[in-house]
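Chain by chain, the residues run as shown.
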Amino acid sequence: MNKQQVIETVDQYYMPVFARYNIVLSHGEGPYVYDHEGKKYLDFLAGIAVNLLGHAHPKLVSAIAQQAGKMIHSSNLYYTEVQATLVKQLAAVSGLDKVFIANSGAEANEGAIKLARKYAKTLNSDRVEIISAQHCFHGRTLATLTATAQPKYQEGLEPLPGGFKYVDYNDIGALKAAVSEKTCAILLEPIQGEGGINMPDGDYLKQVRQLCDEAGVLLILDEIQTGMGRTGTMFAYQQYGIVPDIVTIAKGLGGGVPIGAFIASEKIASAFHSGDHGSTFGGNPLVCAAANAVLTEIEQAGLLANTQQTGAYFLDALLQLKKKYPDIITDVRGKGLMLGAELTIPGRDIVNSCQEAGVIINCTAGNVLRFVPPLIIQPVHVDEMVAVLDKVLAKIKESA
Ligand SMILES: *Cc1c(COP(=O)(O)O)cnc(C)c1O
């Protein structure tokens, strides 16, 4: 098929839920992807914070190929060594005890909500309510889109499941006021991703942890976007001096294969008994082999340090752009390689212009440029991206 035929075929047969760009991607290598006609792009979106090791990383490719040649799927009726290796590693890096492996972020959150409610039931309490924050994103299943406090994800899907409540992010007073005898858990992203790279103020997360402890409420942190080294530590909560009762991860975990997980303390996890949760595909040997390869490479290649260093370099470059274009960029924020630039104008045209110039970036919340490149990038890639963005911004400034 030529480019136009691919686009027409997808548009004809795929349900029309995605606003896609007019690019047909073919393959990638490291932080670069190539389209159907061989055009090269620097990829600062990484499949929406997924391809931690970039594209076609030899170690990830060989781990997947080797496992595929042995066994792709086994079901959870049997034990496998690759799954043993993965859950042991995830417990170790999170500081928690027990893991459940799902297939996506939404499923990980769905499972975390189920576990929190089950745990409350074991205490014979009526705590069923989940409190989440405005502008959050937790997924597209019915429960997780209900936890996602944004009408655009909910409209037309009513009746929504009950037991969800929303407060403003970063407003500890509002959270305190919302917590009651009915509250089961508080569900938060440590840094809001889809909502626009919204950072927690000062000791907000510590105050939330304290509130949970005092009120007997569980803290579920959704680290689906922030986790797996994205912010420069394996989990963002490690930089805020707290540990959640349950953490959820997905996106970067498998380096691109569909895998999510929720991890809980022993005490909470003991609320689950045989038959309480399940998944046919969850934690199959193929995805576990991929996730093991990702974890090993993060360690061996020093990707946490690289994320901190290259992230700091990148943040500085964005701050310089803000200085240069104060009428366009009003704020630059983020941690590690999860950075955002808030604009006075919608971001979509900038994203399109950058793509034409061979750089893939993303815009979220309408006017926040979001940068979530692979964790393997170097300052030279930041320079390449920033040079393109600088040119695009200069053109906008000229025409304003
Ligand atoms: C992407 C994302 C999800 C949903 O993950 P899916 O794999 O698309 O279901 C949930 N929470 C956060 C914070 C995310 O970034």
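Scroll up to find the structure this text is about.
My aim in this report is to walk through the structure given alongside it, one point at a time. Computed from a prediction, not measured in an experiment: that's the story for all the values here. (Residues numbered from 1 in each chain as written. Predicted model: local features only at pLDDT ≥ 70, side-chain atom pairs only at ≥ 80, totals over all residues. Heavy atoms only, no water.)

### Quick notes on the overall build of the chain
Looking only at helices and strands, the chain features 13 helices and 15 strands. Taken over C-alpha atoms, the radius of gyration comes to 21 Å for the chain, in line with the 21 Å a tight globule of 400 residues would show. For the chain, the residues scored as buried account for 54% of the 400 residues in total. For the chain, the share of sequence-separated contacts (at least 6 apart) that also reach a separation of at least 24 residues comes to 71%. Where the 33 positive side-chain charges of the chain centre and where its 40 negative ones centre are 1 Å apart. (Helix = DSSP H or I, 4+ residues; strand = E, 2+ residues; numbered from the N terminus. Rg over C-alpha atoms; globule rule 2.2 N^0.38 Å. Buried < 20%, exposed > 50% of the residue type's maximum accessible area, 1.4 Å probe, protein only. Contact = heavy atoms within 4.5 Å. Lys, Arg positive; Asp, Glu negative; His and termini not counted. Charge placed at Lys NZ, Arg CZ, Asp CG, Glu CD.)

### Quick notes on the sheet that holds strand E2 (residues 32-35)
Backbone-to-backbone hydrogen bonds pair the strands of a sheet. The strands run either parallel or antiparallel. Spatially, E1-E2-E3-E13 is the arrangement adopted by the four strands of the open sheet, whose pairing is mixed. Whereas interior strands pair on both sides, the edge strands pair on one side only; in this sheet they are strand E1 (25-29) and strand E13 (359-360). By the bridge criterion, four bridges tie E1 to E2 in an arrangement that is antiparallel. Along E2, the bridge assignment pairs leucine 25 with aspartate 35. (Pairing = 2+ DSSP bridges.)

### Some details on the pairing of strand E8 (residues 218-222)
By the criterion of burial, E8 is predominantly enclosed, with five of the five residues buried. Of the two faces of E8, both are covered, the one formed by Leu218, Ile220 and Asp222 as well as the one formed by Leu219 and Leu221. By the bridge criterion, four bridges tie strand E7 (residues 183-188) to E8 in an arrangement that is parallel. Opposite isoleucine 186, over in E8, you have leucine 219 as the bridge partner.

### A word on the site of the ligand
As a structural note, the neighbourhood of the ligand is formed by Ser104, Gly105, Ala106, Asn109, Phe137, His138, Gly139, Glu189, Asp222, Ile224, Gln225 and Lys251. The backbone of phenylalanine 137 places a nitrogen or oxygen atom 3.1 Å from a nitrogen atom of the ligand. Summarising the interface, the protein chains cover 82% of the accessible area of the ligand, which totals 380 Å² for the free molecule. When residues in the shell around the ligand are grouped by element, the largest group, three residues, is from helix H5 (residues 105-122). When its residues are assigned to classes, the shell around the ligand shows three nonpolar, six polar and three charged. (Near = heavy atom within 4 Å. Polar contact = N/O pair within 3.5 Å; in protein donor to acceptor, adjacent residues only side chain to side chain. Areas by Shrake-Rupley, 256 points an atom, 1.4 Å probe, with all protein chains shown as cover. Nonpolar A, V, L, I, M, F, W, Y, C, P; charged D, E, K, R; others polar.)

### Digging into the sheet that holds strand E14 (residues 362-364)
Pairing in this open sheet of four strands is antiparallel, and the strands run E11-E12-E15-E14 from one edge to the other. Each edge of the open sheet carries a strand with a single partner, namely strand E11 (329-335) and E14. Ignoring strand direction, the axes of neighbouring strands in this sheet form an average angle of 25°. Pairing analysis gives four bridges linking strand E12 (residues 338-343) to strand E15 (residues 368-371), with the strands arranged antiparallel. (Axes fitted to C-alpha atoms, helices over the stretch in contact; angles between N-to-C directions.)

### Thoughts on the pattern of salt bridges
For the structure on display, the rule yields 10 salt bridges. Arginine 333 is the salt-bridge partner of aspartate 331, the closest N and O atoms lying 2.7 Å from each other. For glutamate 342, the salt bridge goes to arginine 333, with nearest N and O atoms at 2.7 Å. Here glutamate 342 falls in the partly exposed class, since its relative accessible area comes to 26%. On the basis of relative accessibility, which here comes to 13%, the residue arginine 333 falls in the buried class. (Salt bridge = Lys/Arg side-chain N within 4 Å of Asp/Glu carboxyl O.)

### Re the packing of helix H12 (residues 348-356) against helix H13 (residues 379-399)
Their axes nearest at 9 Å, the elements H12 and H13 cross at an angle of 130°. One finds that H12 runs oblique with respect to H13. Between H12 and H13 the crossing geometry is right-handed. Every residue of H13 that contacts H12 at Ile350, Ser353 and Cys354 is listed here: Val388, Leu389, Val392, Leu393 and Ile396. A breakdown of the residues in the contact of H12 with H13 according to their chemical character gives seven nonpolar, one polar and no charged. (Parallel < 35°, antiparallel > 145°, perpendicular 65-115°, else oblique. Left-handed = near helix turned anticlockwise from the far one by under 90°.)

### Details of H5
Taking 1.5 Å as the rise per residue, H5 with 18 residues should run 26 Å; its terminal C-alpha atoms sit 26 Å apart, in good agreement. Of all the residues in H5, the buried ones are Gly105, Ala106, Ala108, Asn109, Gly111, Ala112, Ile113, Leu115, Ala116, Tyr119 and Ala120. The N-terminus of H5 is capped by serine 104, whose side-chain oxygen sits 3.2 Å from the backbone nitrogen of glutamate 107. Positive backbone phi, approximately 55°, marks asparagine 124, located one or two places after H5. (Expected span 1.5 Å × (residues − 1).)

### Quick look at a nonpolar patch on the surface
Judged by side-chain polarity, Tyr14, Met15, Val17 and Phe18 come together as a nonpolar surface patch covering roughly 500 Å² of accessible area. Tracing the backbone through its elements, the reader meets valine 17 in the loop between helix H1 (3-13) and E1. (Patch = residues over 30% accessible without salt bridge, like charges linked within 9 Å, V, L, I, M, F, W, Y side chains within 5 Å.)

### A word on the pairing of E7
Of all six residues that make up E7, six are buried, and the element is covered over most of its length. As defined by bridge partners, strand E5 (residues 129-133) adjoins E7 across three bridges and the pair is classed as parallel. Residue pairing across strands places isoleucine 131 opposite isoleucine 186, the latter belonging to E7. Taking the sense of rotation as the criterion, the β-α-β connection linking E7, helix H8 (residues 204-215) and E8 turns out right-handed. (Right-handed = clockwise from strand over helix to strand, strands pointing away.)

### Here's the deal with unusual backbone geometry
Residues other than glycine predominantly adopt negative phi, and peptide bonds predominantly adopt the trans conformation. Along the chain, glutamate 158 connects to proline 159 via a cis peptide bond; the corresponding omega equals 5°. Although it is not a glycine, alanine 46 sits at a positive phi angle of roughly 55°. Of note, alanine 46 is situated in helix H2 (residues 46-49). The phi angle at serine 75 is positive, at roughly 75°, despite the residue not being glycine.

Without other data, these values stay purely geometric and don't point to any function.
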